[in-house]
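Residue-level structural notes
In case you want the letters, here they are:
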Amino acid sequence: MLTFDMSLAGRWIGEKEMERMAPAAQAALAALLAGEGPGSDFLGWVSWPDAYDRDEFDRILRTAETIRRNSDFLVVVGIGGSYLGARAAIDLLTHSQRASLPRERRDGPLVVYAGHNLSPAWHAELLDLLETGEVSVNVISKSGTTTEPAAAFRILKAYMERRYGREGARSRIFATTDAARGALRTLADAEGYETFRIPDDIGGRFSVLTAVGLLPIAAAGIDIGEILRGASDARAALADPDFGRNPALRYAAARNCLLRKGYGVEILANYDPALHSVTEWWKQLFGESEGKDGRGLFPAGVDFSTDLHSMGQYIQDGRRFLFETVLQVETSRRSLSIPDDPGSLDGLDFLAGRDLEEVNRKALQGTALAHVDGDVPNLAVRVPALTPYWFGWMVYFFEMACGVSGHLLGVNPFDQPGVEAYKRNMFALLGKPGFEREREALEARMAGEGN
Ligand code: PA5
C-alpha cells in the first residue's frame, strides 16, 4: 500500500494535534463519499475507478491500437487538467529517453503536446517535427472554448487537412469533450470525428482516469486496465474512516496543521526525473483546488538531486515558511552499479560496485535530515514501485487527499473561478466582440501604469 510518513515532522506536529484534526477530516471524507459538501456536482471521480463506462474503455483500447499502428506521433492538444495527467503517466511509465530513441525502439508513437501555451515558435516547431512521421491528434477540452487548445487545434486541424485531406484527417483526429455541450462537441459532430466523453461531474484536474488521460496513455503503450485496478484498490482502502490507517486523511490533516503554523508553501520533492510531470500534475491539482478565497497552500515542486544545486540552498537556508513532502518510490525500475576505476582521483572508490539507487536513497535520507535541521518540516509519501497499478493508486490518493484538504481549508476544491480573470483581460485586449468597455479600461490602465 502507498504510505504516508510524518516521523520527521514530529517537532512541528504532535499526534494530539493530528487527532484534533481527525473529526473534521473524517467528516470531509464522509461528505465526499456521500456526494455532499461544496462542489458536490463534481464528485464523479470518487466512484469512477469502479463505475467507468466499460464500452468506452474498450473503444479507447481499440483506438489506441489504431494510433499505435498508424502513427509516429500522437499530438495531445489540451491545457491544465486536459493534458497534465496523461503527461504525468507517460513520463513516469515509459522510457525516459523515448523522444531520442529510434522509432523501432520506442514501442509506439511519441506523444507530444500542444495547446498548453501560446508560443508561436513552440507550435511552428512542433509542425516541423510532425513532418518527420505519421500523425494522429487527440484534442481534449471539456468546455471546448479554452483559448490555448482551441487556437492550437485550429492550426493542427488545418495542418492535418492539408497533409491527409479532409477525409484522411477525420480518421486521424479524436476529440475528448463533453458528451452533449460545447464548441468542441459541436465541431467534432459536424466533422465526424470519433469522440470520447468527459463526464459532466468530473472536473479537468480530476479527469486523468477518464478518456482524457486514458486514450493518450494507452496510445503510449501503458496498461490502462492496471491503472484503473490500482485506483479501484485505492478507492477501497481510502474509504476507511479510521484516521490512523487512512494515509489520505493523515496527509490532508498534516499539511493543514503546518499551514496553520505559518508554513504556507508545500514543496513536493522527487528523486527521479520520471516523477517531474507527476509533480506538475500535483501542483495543478492542489493549486487550482485550494488556492482561493485568500486561502490555501502554495504548491511548489523540485526535482532532486538536480535542484539541490539550485533551490537546495534556499530550502536549507532561506526564509522559513516552507515544508517538504518527499514523493518517494521504494523500488527503482532499473539498477546500475558504479564501476570500479582503480587510481581514479574522484575519491569515489568506496562506492565502486554499489548501485546508483543506493546513492540516490542516501541522498534522499541525508537531505531530509539536513532540511529538518534547517527547520523545514518533512513529510513523505511512499509509493512501492513505478508501475501502472501504483500510478492509479497514487492518483486516487492525491485526489482524495486534495478533496479532504480543501474541506479542511473551508474552500470548494472543485471550482476554479480565479482562472477566468486573465481570460477576460486577454479577450478584451485582443478585441473580442462584447469586451469593448473592458478593453478601453485596461488600455487606460496600462498607459497610466507606464506599461
Ligand atoms: O482543472 C481544470 O478544470 C482546468 O485545469 C481545466 O482542465 C483547464 O482549464 C482546461 O479546460 P478545458 O478542458 O475546458 O479546455
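Owing to the predicted nature of the structure, the values given are computational and were not obtained by experimental measurement. (Residues numbered from 1 in each chain as written. Predicted model: local features only at pLDDT ≥ 70, side-chain atom pairs only at ≥ 80, totals over all residues. Heavy atoms only, no water.)

Right, let's talk about the overall build of the protein for a bit. Counting its regular elements, the protein contains 16 helices and 10 strands. By the compact-globule yardstick of 22 Å for 451 residues, the protein fits well, its C-alpha radius of gyration being 23 Å. Oriented by its inertia axes, the alpha-carbon framework of the protein measures out at about 60 × 60 × 55 Å. The burial tally for the protein puts 52% of its 451 residues in the buried class. Pairs at least 24 residues apart make up 78% of the contacts formed inside the protein by residues separated by at least 6 positions. A total accessible area of about 19900 Å² is found for the protein, and carbon and sulfur atoms account for 53% of it. On the protein, the mean spot of the 49 positive side-chain charges and the mean spot of the 62 negative ones are 3 Å from each other. (Helix = DSSP H or I, 4+ residues; strand = E, 2+ residues; numbered from the N terminus. Rg over C-alpha atoms; globule rule 2.2 N^0.38 Å. Buried < 20%, exposed > 50% of the residue type's maximum accessible area, 1.4 Å probe, protein only. Contact = heavy atoms within 4.5 Å. Areas by Shrake-Rupley, 256 points an atom, 1.4 Å probe, with all protein chains shown as cover. Lys, Arg positive; Asp, Glu negative; His and termini not counted. Charge placed at Lys NZ, Arg CZ, Asp CG, Glu CD.)

Our next topic: the pattern of salt bridges. Under the counting rule described, the total for this entry stands at 35 salt bridges. A salt bridge links Arg-87 to Asp-91; the nearest nitrogen and oxygen atoms lie 3.9 Å apart. Of this pair, Arg-87 and Asp-91 both sit in helix H4 (residues 84-93), four residues apart, which is roughly one turn of the helix. When its relative accessible area of 17% is taken as the criterion, Asp-91 is described as buried. Lys-157 serves as the salt-bridge partner of Glu-191, at 3.3 Å between the closest nitrogen and oxygen. One end of the pair, Glu-191, is in helix H7 (residues 183-191); the other, Lys-157, is in helix H6 (residues 147-170), with 34 residues separating them in the sequence. Taking the relative accessible area as the measure of exposure, Glu-191 reaches 9% and is therefore buried. A residue is classified by how much of its surface remains accessible, and Lys-157, at 16% relative accessible area, is buried. (Salt bridge = Lys/Arg side-chain N within 4 Å of Asp/Glu carboxyl O.)

As a further point, take the sheet that holds strand E8 (residues 298-303). In spatial order, the strands read E1-E10-E9-E7-E8; together these five strands make up an open sheet with mixed pairing. On the outer flanks of this sheet lie strand E1 (3-5) and E8, each paired with one strand and no other. Across the sheet, the mean angle from the axis of one strand to that of its neighbour is 25°, orientation sign disregarded. Relative to strand E9 (residues 322-331), strand E7 (residues 265-270) runs parallel, the two being bridged by six bridges. Note that in E9 the partner of Ile-267 across the bridge is Glu-324. Relative to E9, helix H13 (residues 356-373) is tilted by about 160°, and along the sheet it contacts E9 and strand E10 (378-385). (Pairing = 2+ DSSP bridges. Axes fitted to C-alpha atoms, helices over the stretch in contact; angles between N-to-C directions.)

Once that is clear, we can look at the site of the ligand. Around the ligand, a shell composed of 13 residues is seen, among which Ser-82, Ser-141, Ser-143, Thr-146 and Gln-284 lie nearest. For the ligand, an oxygen atom lies 3.0 Å from a polar atom in the backbone of Gly-81. Contact distances for the ligand include 2.5 Å between an oxygen atom and a side-chain N or O atom of Gln-284. Considered on its own, the ligand offers 380 Å² of accessible surface; in the complex 88% of this is hidden by protein. In terms of residue class, the shell around the ligand is made up of one nonpolar, nine polar and three charged. (Near = heavy atom within 4 Å. Polar contact = N/O pair within 3.5 Å; in protein donor to acceptor, adjacent residues only side chain to side chain. Nonpolar A, V, L, I, M, F, W, Y, C, P; charged D, E, K, R; others polar.)

Remember, this is a structural readout, not a statement about activity or role.
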